[in-house]
Amino acid sequence: MSVLSSNLSKTAKLSTSEIYLNDQLVTLTAYNISGYTYFKLRDVGAVLNFEVEWNGAANTIEITTD
């Protein structure tokens, strides 16, 4: 049985990661949280050519690809 901590806040630290797309170095802002690297979905979308929209009425993220 696992017990969740009452303190769910985590610290995000700016991070650098070498990301390559078609043998080209791509620079994205990254964040390290608890040893894991996270990127903003909109930043990834800009590099990979997809759109990210927030639908507040449905409380969802919408991803559109061509």
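The text that follows walks through the structure, step by step, so that each part is easy to find. (Residues numbered from 1 in each chain as written. Predicted model: local features only at pLDDT ≥ 70, side-chain atom pairs only at ≥ 80, totals over all residues. Heavy atoms only, no water.)

**A few points about the pairing of strand S5 (residues 36-39)**
Regular strands place their side chains on alternate faces of the sheet. Here strand S4 (residues 30-33) runs beside S5; their pairing, made up of 4 bridges, is antiparallel. From the neighbouring strand, Ala 30 faces S5, where its bridge partner is Phe 39. (Pairing = 2+ DSSP bridges. Helix = DSSP H or I, 4+ residues; strand = E, 2+ residues; numbered from the N terminus.)

**Overview of the sheet that holds S5**
Read across the sheet, 3 strands follow the order S1-S4-S5 without closing on themselves; strand pairing throughout is antiparallel. Both edges of this open sheet fall to strand S1 (13-15) and S5, since each of them pairs with a single strand only. Each adjacent strand pair in this sheet contributes to an overall mean axis angle of 45°, direction not counted. (Axes fitted to C-alpha atoms, helices over the stretch in contact; angles between N-to-C directions.)

**Points about the environment of Glu 53**
Relative to the helices and strands, Glu 53 resides in strand S6 (residues 50-55). The class of Glu 53 is partly exposed, set by a relative accessible area of 39%. (Buried < 20%, exposed > 50% of the residue type's maximum accessible area, 1.4 Å probe, protein only.)

**Details of unusual backbone geometry**
Across the chain, the bulk of peptide bonds are trans and the bulk of non-glycine residues have phi less than zero. Despite not being glycine, Ser 34 has its phi angle at roughly 55°, a positive value. One non-glycine residue, Asn 59, lies in positive phi territory at about 55°. With respect to the secondary-structure elements, Asn 59 resides in the loop between S6 and strand S7 (60-65). Judged by its relative accessible area of 56%, Asn 59 is exposed.

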